[in-house]
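Spelled out, the chains give:
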Amino acid sequence: MDLEFDLSASFRTSADASAARDTLESLFNDAENLLSKGAPEGQGARIAHWNVEEDRINLQILSGRYVRAHDAVLRLRKKIAPELGKKFHVGIRGIEVHSFTIKIPSEADLKEIKIPFVTNMEYKDGSILLTLDVTESEIEKRIPDRILTLIEDKIAALTYGGKAEHWNLLWQSEEKKQPFKLDPTQEMMKRGWIKRGASRGQWIHGPQSTRLFRAFEKIVVEELLEPLGYREMMFPKLIPWEVWKKSGHAKGVYPEIYYVCPPKTRDPEYWEEISDYYKVTHEVPVSRIKEKIGDPIGGMCYAQCPPFWVFLQGETIANDQFPIKVFDRSGTSHRYESGGIHGMERVDEFHRIEILWTGTPEQVTKASNQLQEKYKHIFNNILDLEWRMAWVTPWFMAQEGLAGVSQQNDVGTIDYEAPLPYRGKDGEWLEFQNVSVNGNKYPSGFNVKCQSGEELWSGCSGVGLERWASVFLAQKGLDPEGWPEEFRKIVGEIPEGFSFL
Ligand code: ATP
Ligand code: ZN
Ligand code: MG
Ligand code: MG
Ligand code: MG
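Predicted, not measured: the structure shown is a model, and the values here were computed from it. (Residues numbered from 1 in each chain as written. Chains lettered and ligands numbered in written order. Predicted model: local features only at pLDDT ≥ 70, side-chain atom pairs only at ≥ 80, totals over all residues. Heavy atoms only, no water.)

1. Description of the site of ligand 1
Selection criterion: Any residue with a heavy atom lying within 4 Å of a molecule or strand is counted as near it. Polar contact is defined as a pair of N or O atoms within 3.5 Å, subject to the rule that within protein one atom must be able to donate a hydrogen and the other to accept it, and that residues adjacent in sequence are counted only when both atoms are side-chain atoms. Computed with a 1.4 Å probe, the accessible areas rest on the Shrake-Rupley method; for each residue, only the protein chains presented here act as cover. Numbered from the N terminus, helices here are DSSP runs of H or I no shorter than four residues, and strands are runs of E no shorter than two.
As a matter of local geometry, ligand 1 sits amid 14 residues, with E337, R346, V347, Q399 and E431 nearest to it. A distance of 2.8 Å separates a nitrogen atom of ligand 1 from a polar atom in the backbone of V347. R467 has a polar side-chain atom sitting 2.9 Å from an oxygen atom of ligand 1. Isolated, ligand 1 exposes 590 Å² of accessible area, and the fraction of that covered by the protein chains is 86%. Residue assignment for the shell around ligand 1 shows that the elements contributing at least two residues are strand 17 (349–359) and strand 20 (430–437).

Laid out in structure tokens, this is it:
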């Protein structure tokens, strides 16, 4: 069984259309071609019933997946409107939808959800029956198609729901002896390298761990970014909805966003009662503040690359500019992570170098391979880590709430993972960075074109400094004597911290 659309609607006419009945009859009888254009043999839409009732032409249209009932009604309007106008001086004022249902085969029911324009959702005899409340305007905006896609995605998710992300090992280093068995976050706290920040999942780094982070950055810059010709830029860190709509994040990151609301006005008088309240009570009147701020305009940086694309948005770029290779390390990223106290490896505020490149598919794949080579050198020869690479669900699919992998070869994400010895032999490995080839997703989302007209692809790689530190310290400990010689040369002396009485 396949999809079934059942639409009852009327064309509202500017005058009584009874006189046109015979003309309509022959038009509708001849509509088979029109309603099956683009569909496989015998799978077009059909008019199950019609009549004229003064200034209404009533229709019931049934269809399957191909020429959908709501498309069929638009095709019919286009066909009959000129005839009615020419012969009868009757215009079509609009389409009224009386009832619209879509039957979607599914092996199981979906949990109850609220979907705009869906008034009822019912599971019966192996199908989900949706009742839609839409008008002409929604039909023209193709909203029924989006509802169908949404439901089909949810049905598909039932089969992989609960399963972990896709994961496929690509490369693994040899096993290493791991004599250090302590949790580095705990050790860093004991030694006064870090303290918890006042906000959730936030750390304050003392001079010691700051030196370590800067050493990691130096490695990335000198071993990888400079030799491969990446140029530093500074991307914005407050991301409006407009950007997340184009990057696809608007489809799924809501549970993890730190939302940003601006004040309704910056007039000090408007805010005076808030300051006064605080001065008198020493309490911040949060609920009153809520009334004085606007709707969220977006959120704090979640993934670093989306705001970069506004720089290229709408541009056509000369061929000789490609591949474009840039990076950003100008600020923090923020995610509302799952509850519970985590160490430095999972934080709500983190530091990441985001590396980003765009060009032809060949250029983009090549840049990804070059980065992979450099990373391998860094992790094997400078940091001396135990680690592995795995082909996983592309981050952009994960962040849209999807599982699986891209249909396109070469498009996808490589996660870099490492064991944390304090978690024990079977402990979960930590994702400490990734390298992704994102296909045409961003250039197409942000309408960026290449002079030659060739398709543009892009890639990105997020180097999480907290993650690098977590892996390195978990495997090597906090004493520089235990660190690889190559790394010690780069990091130099770890500065003294502060002591408290
Ligand atoms: P995880 O699976 O651990 O939640 P993720 O897949 O959500 O990570 P990405 O969206 O792929 O993370 O972000 C790219 C990189 O950013 C990660 O590989 C990691 O280095 C870093 N990162 C992401 N979330 C955090 C976090 N909460 N704390 C520290 N670093 C993070
Ligand atoms: Zn990115
Ligand atoms: Mg995550
Ligand atoms: Mg990831
Ligand atoms: Mg992940």
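2. A word on the sheet that holds strand 11 (residues 238–240)
Just so we agree on the cut-off: Strand pairing is defined by DSSP finding a minimum of two bridges between the two strands.
Here three strands make up an open sheet; going across it, the order is 11-13-12 and the pairing antiparallel. Edge strands, defined here as strands with exactly one partner in the open sheet, are strand 11 and strand 12 (259–260). Relative to strand 13 (residues 298–300), strand 12 runs antiparallel, the two sharing two bridges. Paired with V260 across the bridge in strand 13 is G298.

3. A word on the sheet that holds strand 1 (residues 4–13)
To keep it simple, the criterion reads: Note on geometry: axes are C-alpha line fits, over the in-contact stretch for helices, and angles between N-to-C directions span 0 to 180 degrees. Between two residues, a contact is recorded if the distance between any of their heavy atoms is within 4.5 Å.
Taking strand neighbours across the sheet as the criterion, the six strands line up as 2-3-1-4-6-5 in an open arrangement whose pairing is antiparallel. Two strands close off the open sheet at either side, each with one partner strand: strand 2 (46–53) and strand 5 (118–124). Here the average twist between neighbouring strands, direction ignored, is 15 degrees. The sheet strands contacting helix 1 (residues 21–29) are strand 2 and strand 3 (56–63), and the helix crosses strand 2 at an angle near 175 degrees. Along the sheet, helix 3 (residues 69–88) makes contact with strand 1, strand 2, strand 3 and strand 4 (92–105), crossing strand 1 at roughly 25 degrees.

4. Brief notes about the nonpolar core
To be explicit about the condition: Buried residues of nine kinds, namely Ala, Val, Leu, Ile, Met, Phe, Trp, Tyr and Cys, make up a nonpolar core once their side-chain atoms join them within 4.5 Å. Any residue under 20% of the maximum accessible area for its type is buried, any over 50% is exposed, and the rest in between are partly exposed; the area is computed with a 1.4 Å probe on protein chains only.
I355, Y375, F379, L383, W468 and F487 are the most contacted members of the largest nonpolar core, which totals 83 residues. The element that contributes the greatest number of residues to this core is helix 7 (residues 207–225), accounting for nine residues. Not counting chain neighbours up to four residues away, the residues in contact with L383 comprise F216, I219, I378, W468, F472, K476, P484 and F487. Counting residues in hydrophobic clusters, the runner-up holds 45 residues, among them F11, L76, I80 and I147.

5. Comments concerning the packing of aromatic side chains
Each aromatic ring pair is characterised by the separation of its centres together with the angle its planes make. For clarity, the threshold we go by: The aromatic pairing rule takes the rings of Phe, Tyr and Trp, using the six-membered ring of Trp, and pairs them if the centres are within 6.5 Å, calling planes under 30 degrees apart stacked, those over 60 edge-to-face and the rest tilted. Here, a charge over a ring is recorded when the distance from Lys NZ or Arg CZ to the ring centre is within 6 Å and its angle to the ring normal is within 35 degrees.
The tally for this structure, following the rule as stated, stands at 31 aromatic pairs. On the basis of an interplanar angle of 65 degrees and a centroid distance of 5.5 Å, the ring pair of F472 and W483 is categorised as edge-to-face. Remark: W483 occurs in the loop between helix 15 (465–476) and helix 16 (485–491) and F472 occurs in helix 15; sequence separation between them is eleven residues. The class for F472 is buried, based on a relative accessible area of 0%. Pairwise contacts between aromatic rings join W171, F216, Y375, F379, W387, Y416, F432, W468, F472, W483 and F487 into one cluster. The residue whose ring lies beneath K195 is F500, and the NZ or CZ to ring-centre distance is 4.4 Å. Taking NZ or CZ as reference, K292 lies 3.8 Å from the ring centre of Y270, over its face.

6. Regarding the domain arrangement of the chain
To be explicit about the condition: Where each domain begins and ends follows an automated or database-derived domain assignment.
Splitting the chain by domain gives domain 1 (4–160), domain 2 (167–235 + 314–491) and domain 3 (262–295). In this structure, domain 1 and domain 2 have C-alpha centres spaced 49 Å apart.

7. Details of the UniProt feature "domain: Serine-tRNA ligase type 2 tRNA-binding" (unreviewed entry) in the chain
Quick note on the threshold: UniProt positions are given in the numbering used here, feature names are shortened, and annotations may be inferred rather than shown by experiment.
Using the residue numbers shown here, the UniProt feature "domain: Serine-tRNA ligase type 2 tRNA-binding" (unreviewed entry) corresponds to residues 3–156. Across residues 3–156, helical content stands at 34% and strand content at 34%; the span's end C-alpha atoms are separated by 15 Å.

8. Things to note about the UniProt feature "binding site: ATP" (unreviewed entry) in the chain
Feature annotation in UniProt assigns "binding site: ATP" (unreviewed entry) to the following positions: R335, Y336, E337, R346, V347, E431 and R467. Note that E431 resides in strand 20. Sequence-distant contacts of R467, that is, excluding residues within four places in its chain, are made with E345, R346, L430, E431 and F432. A distance of 2.7 Å separates a polar atom in the side chain of R467 from the backbone oxygen of E431.

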